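The primary structure of each chain is shown beneath.
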Amino acid sequence: MTNKPSKKKFTVEENETIDDCLARMSKEGYFPVRRTEQPIFKEELNGKQVEPVPCGRVIVFEGKLL
């Protein structure tokens, strides 16, 4: 018998919808308790200054065992 951790983080993959990620969580026996989004930036040269420009985001769900 293996013990699953009581909490686990699930990241929405690049070619996956949020619903797909939630279905994957449910299949593993977890339900979502928190959603966080982290921005992804790239640096662009604007004149002589380098400025961070948002280019995407990473969505992470924290799940608890059912």
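Residues numbered from 1 in each chain as written. Predicted model: local features only at pLDDT ≥ 70, side-chain atom pairs only at ≥ 80, totals over all residues. Heavy atoms only, no water.

## Brief notes about the sheet that holds strand β3 (residues 49-65)
Here comes step 1: Reading across from one edge, β1-β3-β2 is the order of the 3 strands in this open sheet, with antiparallel pairing throughout. Sheet topology places β1 (7-11) and β2 (30-46) at the edges, where each strand pairs with a single neighbour. Across this sheet, the average inter-strand angle for adjacent strands is 25°, counted without regard to direction.
Here comes step 2: Examined bridge by bridge, β2 and β3 share 16 bridges and lie antiparallel to one another. Of the residues in β3, the one forming a bridge with Phe-31 is Lys-64.
Here comes step 3: Strands β1, β2 and β3 of the sheet are contacted by helix α1 (residues 18-27), whose axis makes an angle of about 35° with β3. (Pairing = 2+ DSSP bridges. Helix = DSSP H or I, 4+ residues; strand = E, 2+ residues; numbered from the N terminus. Axes fitted to C-alpha atoms, helices over the stretch in contact; angles between N-to-C directions. Contact = heavy atoms within 4.5 Å.)

## Describing the pattern of salt bridges
Here comes step 1: In total, this model carries 7 salt bridges according to the counting rule given.
Here comes step 2: The partner of Arg-24 in a salt bridge is Glu-16, with the nearest N and O atoms 3.0 Å apart.
Here comes step 3: Given a relative accessible area of 27%, Arg-24 falls into the partly exposed group.
Here comes step 4: For Glu-16, a relative accessible area of 18% puts it in the buried group.
Here comes step 5: Between Glu-44 and Lys-42 there is a salt bridge, with its nearest N and O atoms 3.7 Å apart. (Salt bridge = Lys/Arg side-chain N within 4 Å of Asp/Glu carboxyl O. Buried < 20%, exposed > 50% of the residue type's maximum accessible area, 1.4 Å probe, protein only.)

## Considering the nonpolar core
Here comes step 1: Counting 7 residues, the largest nonpolar core consists of Phe-10, Val-12, Cys-21, Met-25, Tyr-30, Ile-59 and Phe-61.
Here comes step 2: Of all the secondary-structure elements, those providing two or more residues to this core are α1 and β3.
Here comes step 3: Those residues in contact with Cys-21, other than ones at most four positions away along the chain, are Phe-10, Thr-11, Val-12, Glu-16 and Phe-61. (Core = buried A, V, L, I, M, F, W, Y, C linked by side-chain atoms within 4.5 Å.)

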